[in-house]
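# Coordinate inspection notes
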Amino acid sequence: MLREDAEGVVLTVRVKPRARRNSIIGMRNDALLVEVTAPPEQNKANDAVIALLAEALNISKSRVELLSGQTHRDKRLRIWGLTPSQCWERLQVVLGQRP
């Protein structure tokens, strides 16, 4: 799910568009499960995923970059300025687990 590369942390995400609410709901098959209310058209769902992750990680949206999966439910995003352990700790708080 999280791996470090030369430019930041790469996060694997599985997205459910057109959900009832925007939320991070858990983990499955080494991917973070995310629900967004936005439809999967005109980049709306991708923008919603970026906004949700930025809020959850307490960083600006400009520090989250979509690397792959622009038109797919499975996406890879780069997180700038955090280590994998910092990302994991912040995600555990959102998921209701202890870091």
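Below is a short write-up of the structure. (Residues numbered from 1 in each chain as written. Predicted model: local features only at pLDDT ≥ 70, side-chain atom pairs only at ≥ 80, totals over all residues. Heavy atoms only, no water.)

### A look at helix α2 (residues 84-95)
Inclusion rule: Think of it this way: any DSSP run of H or I at least four residues long counts as a helix, any run of E at least two long counts as a strand, and we number them from the N terminus. A helix is expected to span 1.5 Å multiplied by its residue count minus one. Partly exposed residues are those whose accessible area sits between 20% and 50% of the maximum for their type, while under 20% is buried and over 50% is exposed, using a 1.4 Å probe and protein chains only. Our arc is simply the arc of the directions from the helix axis toward the C-beta atoms. Whether two residues touch is decided by their heavy atoms; if any such pair falls within 4.5 Å, the residues are in contact.
For α2, spanning 12 residues, the distance from its first C-alpha to its last is 16 Å, which sits close to the expected 16 Å at 1.5 Å a residue. Within the span of α2, buried status applies to Cys87, Leu91 and Gln92. Buried residues of α2, viewed axially, fall in a sector of 135°; they line one side. Check the buried side of α2 and you find it contacts β1 (2-5), β2 (8-16), β3 (23-28), β4 (31-35), α1 (44-57) and β6 (74-79). A positive phi of about 80° marks Gly96, the residue just after α2.

### Remarks on unusual backbone geometry
With a phi angle near 65°, Asn43 is a residue other than glycine that sits in the positive phi range. Looking at where Asn43 falls in the secondary structure, it is placed in the loop between β4 and α1. Despite not being glycine, Asn58 shows a phi value in the positive range, around 60°. Within the element layout of this structure, Asn58 appears in the loop between α1 and β5 (64-68). Residue class for Asn58 comes out exposed when judged on its relative accessible area of 66%.

### Here's the deal with the environment of Leu67
If you trace the backbone, Leu67 turns up in strand β5. For the pair Leu67 and Thr12, spaced 55 residues apart in the sequence, the C-alpha separation amounts to 10.0 Å. Not counting chain neighbours up to four residues away, the residues in contact with Leu67 comprise Val10, Arg76, Leu77 and Arg78.

### Things to note about the pairing of β5
In the case of a regular strand, side chains alternate between the two sheet surfaces. How we decide: Being paired, for any two strands, means DSSP has found at least two bridges between them.
Of the pairings in the sheet, the one linking β5 to β6 comprises four bridges and is antiparallel in character. Looking at the pairing, Glu65 lines up with Arg78 of β6. Hairpin connection, β5 to β6: the antiparallel pair is bridged by five residues, and Gly69 has positive phi, about 95°.

### Considering the pattern of salt bridges
Stated precisely, the cut-off is as follows: A side-chain nitrogen of Lys or Arg and a carboxyl oxygen of Asp or Glu constitute a salt bridge if their distance falls within 4 Å.
By the definition in use, this model includes six salt bridges. Across the pair Arg78 and Glu7 runs a salt bridge, and its minimum N-O distance is 3.5 Å. Of this pair, Arg78 sits in strand β6 while Glu7 sits in the loop between β1 and β2; the two residues are 71 residues apart in sequence, bridging distant segments of the chain. Taking relative accessible area as the criterion, Glu7 reaches 45% and is therefore assigned partly exposed. Glu35 is paired through a salt bridge with Lys16; the nearest N and O atoms lie 3.9 Å apart. One end of the pair, Glu35, is in strand β4; the other, Lys16, is in strand β2, and 19 residues separate them in sequence. Overall, the relative accessible area of 41% leaves Lys16 in the partly exposed class. A single network of salt bridges, built from pairs that share partners, joins Asp5, Glu7, Glu65 and Arg78.

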